[in-house]
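A closer look at the structure
Chain residues, written in single-letter form:
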Amino acid sequence: MALTSWFDAIPAITYEGPETDNPFAFRWYQPDEKILGKPMKDWMRNAVCYWHTFRGVALDIFGPGTLARPWEDGSNSLDMALKRTDVVFDFLTRLGVEYYCFHDRDVAPEGANLAETNRNLWAVAEKLKQLQAATKVKLLWGTANMFSHPRFSQGAATSPNADVFAYCANSVKEMLDVSKHLGGENYVFWGGREGYNTLLNTDLKREQDHVATFFHLAVEYAKKIGFKGQFLIEPKACEPTKHQYDFDAATVLGFLRKHDLIDHFKLNIEQNHATLAGHDFCHELAVCAAEGKLGSIDSNRGDVMNGWDTDQFPNDYRECAQAWTIILANKNGLGTGGLNYDAKVRRDSYDLEDMFHAHICGIDTWARGLRIAAKIIEGKKLAKFVKTRYASYDKGIGKEIESGTTDFEKLQAYILRKGEVAPNASARQEYLENLFNGYC
Ligand code: XUL
Ligand code: CO
């Protein structure tokens, strides 16, 4: 396969260690190095997202795009879509990532009608299949863009227009078929415009019931075609709508349970979405992990001074270290999920090399965090502290509470006998923060 050469000025990215001066090298990410018994690449499963990295031009509300990519011919044609795939796979292989993610509309343009739109998607999917076979790059997840076109302006499955619901059934059906064809390991639902802007025009219950119906239909169809990928929902609190129905992890888990969908889904947690909900990223991970529902991660960061989804590349390795301590509590880590860098270079980072700097920084941030988390886990001090903190539940009355063998009357008799609770031990937050710093 002849690869294009837009990136010839940039060497393939390899590990050179923390001391290197080479900005086109990893300082922390050594794909085959074993950490806690498993190669780094298998814990991380790094993925590049097609939309920001290959379709984003960095337009904002004050001006047009600034990222002029030299391979683009200015059209949104099928021909351009096919040519672009070569550049994408050239980038993926030079960077050394093994996964990518895309929406239907990232890879293929709409046609003159829906049948042509579907044909376009399949034409590009065939090309992607060849490129995957030639490079061993795999599809982490596929998804459908049901939020950009004006037909989705009032929602997708939550649109008051039933034709839009039917249109979305076509989109997800095709993308499930395509994801299966490409060996996709997951399938993501981010409810782009599934929410509302004003309750004055919104039947909230009916809209949420419609999404539940949509998910049931998707589950049924995946089963019918034998698609084995994990279904993931990606929560987001707001933006583009004022209130998104998939507000945060806890809301999504409650929704799935209410609608008898809980067994079919896990969650895809995005860092900047967590902060939009007023949570820490690690809080969202912990909520999912507590229920065995942590499926995958969309990695990026917001800006503490801005209240919107800035989708910047992650650079906080300490946050990632804490995240890993939660992820690694599951001995299979992220399972079929991975780290999808759902992030975009800034509007004034114009150069092709900036695409590399961005991803190198993101991958190294997570790799450094992984190394720190391994030391924390191997050191056992934090885990031991937490275990000891709850020791009153390991015996006596605590054990009876946890095993469900007590009631209010027995508990009252117990505490009356004692007369007062045993004094609380210090929660030692500052000691623990200092301990954590010692590993970083
Ligand atoms: C939007 C977002 C999406 C999803 C996929 O904020 O994160 O790119 O990840 O639709
Ligand atoms: Co995302």
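Residues numbered from 1 in each chain as written. Chains lettered and ligands numbered in written order. Predicted model: local features only at pLDDT ≥ 70, side-chain atom pairs only at ≥ 80, totals over all residues. Heavy atoms only, no water.

With that out of the way, let us pick up the coordination of the cobalt ion (ligand 2). Protein coordination at the cobalt ion (ligand 2): the donors are Glu 234 (OE), Glu 270 (OE), Asp 298 (OD) and Asp 342 (OD), at 1.9 to 2.2 Å from the metal. Seen from the cobalt ion (ligand 2), its 6 donor atoms lie at angles of 81 to 170 degrees, and the figure they make is octahedral. Mapping the donors of the cobalt ion (ligand 2) onto the primary sequence gives the spacing E-x35-E-x27-D-x43-D. Here Glu 234 is found in the loop between β10 (230-233) and β11 (243-244), whereas its partner Glu 270 is found in strand β12 (residues 265-270), with 36 residues between them in sequence. By relative accessible area, Glu 234 is classed as buried at 3%. (Donors = N, O, S within 2.8 Å, 3.2 Å for Na, K, Ca; no water. Tetrahedral: all angles 85-135°; square planar, octahedral: opposite > 155°, others 65-115°. Helix = DSSP H or I, 4+ residues; strand = E, 2+ residues; numbered from the N terminus. Buried < 20%, exposed > 50% of the residue type's maximum accessible area, 1.4 Å probe, protein only.)

Turning next to the environment of Trp 6. As for its placement among the helices and strands, Trp 6 is situated in the segment before β1 (14-15). On the accessibility criterion, Trp 6 (39% relative accessible area) is partly exposed. With 85 residues separating them along the chain, Trp 6 and Phe 91 place their C-alpha atoms 9.0 Å apart. The contacts of Trp 6, once residues within four sequence positions are left out, are Pro 70, Trp 71, Val 87, Asp 90 and Leu 352. (Contact = heavy atoms within 4.5 Å.)

As a further point, take the pattern of salt bridges. Two side chains carrying opposite charge are able to pair once their charged atoms lie near each other. Enumeration over the complete set of coordinates arrives at 19 salt bridges. In this structure, Asp 90 and Arg 94 form a salt bridge, with 2.6 Å as the shortest nitrogen-oxygen distance. Here Asp 90 pairs with Arg 94, and both are found in helix α3 (residues 78-95), just 4 residues apart, close to one helical turn. The pair Asp 90 / Arg 94 is uniform in exposure class, with both members buried. Here Lys 236 ties to Asp 309 by a salt bridge, and the two come within 2.9 Å at their closest N and O atoms. (Salt bridge = Lys/Arg side-chain N within 4 Å of Asp/Glu carboxyl O.)

So, on to a nonpolar patch on the surface. Where nonpolar side chains cluster on the molecular surface, the patch consists of Val 386, Tyr 390, Tyr 393 and Ile 401 and spans about 350 Å² of accessible area. Along the chain, Tyr 390 turns up in the loop between α13 (381-389) and α14 (396-402). Since its relative accessible area comes to 43%, Tyr 390 is described here as partly exposed. (Patch = residues over 30% accessible without salt bridge, like charges linked within 9 Å, V, L, I, M, F, W, Y side chains within 5 Å. Areas by Shrake-Rupley, 256 points an atom, 1.4 Å probe, with all protein chains shown as cover.)

Domain parsing of the protein yields domain 1 (14-379) and domain 2 (394-439). Computed from C-alpha coordinates alone, the two centres of domain 1 and domain 2 are separated by 41 Å. (Domains from an automatic or database assignment.)

Attention now goes to the sheet that holds strand β5 (residues 46-49). Around the barrel, 8 strands lie side by side as β5-β6-β7-β8-β10-β12-β13-β14; this closed barrel has parallel pairing. Here the average twist between neighbouring strands, direction ignored, is 30 degrees. Sheet analysis places strand β13 (residues 294-298) next to strand β14 (residues 339-341), joined by 2 bridges and oriented parallel. When the sheet's bridge partners are listed, Asp 298 is paired in β14 with Asn 340. The sheet contacts of helix α8 (residues 249-258) involve β10 and β12, and relative to β12 the element is tilted by about 165 degrees. (Pairing = 2+ DSSP bridges. Axes fitted to C-alpha atoms, helices over the stretch in contact; angles between N-to-C directions.)

What follows deals with the site of ligand 1. The immediate surroundings of ligand 1 are formed by Trp 51, His 103, Trp 141, Trp 190, Glu 234, Lys 236, Glu 270, His 273, Asp 298, Asp 309 and Asp 342. Interatomic distance of 2.9 Å between a side-chain N/O atom of His 273 and an oxygen atom of ligand 1. Notes on ligand 1: free accessible area 290 Å², of which the protein chains cover 94%. Here the shell around ligand 1 is built from residues that sort into 3 nonpolar, 2 polar and 6 charged. (Near = heavy atom within 4 Å. Polar contact = N/O pair within 3.5 Å; in protein donor to acceptor, adjacent residues only side chain to side chain. Nonpolar A, V, L, I, M, F, W, Y, C, P; charged D, E, K, R; others polar.)

Attention shifts here to unusual backbone geometry. In the segment running from Glu 239 into Pro 240, the intervening peptide bond is cis, with an omega of 10 degrees. Mapped onto the fold, Pro 240 is located in the loop between β10 and β11. For Arg 45, which is not glycine, the phi torsion reads 50 degrees and is therefore positive. By secondary structure assignment, the location of Arg 45 is in the loop between α1 (40-44) and β5. By relative accessible area, Arg 45 is classed as buried at 12%. Notably, Arg 428 is not glycine yet its phi reads approximately 55 degrees, a positive angle. With respect to the helices and strands, the residue Arg 428 is situated in the loop between α15 (408-418) and α16 (429-439). Given the relative accessible area of 45%, Arg 428 is considered partly exposed.

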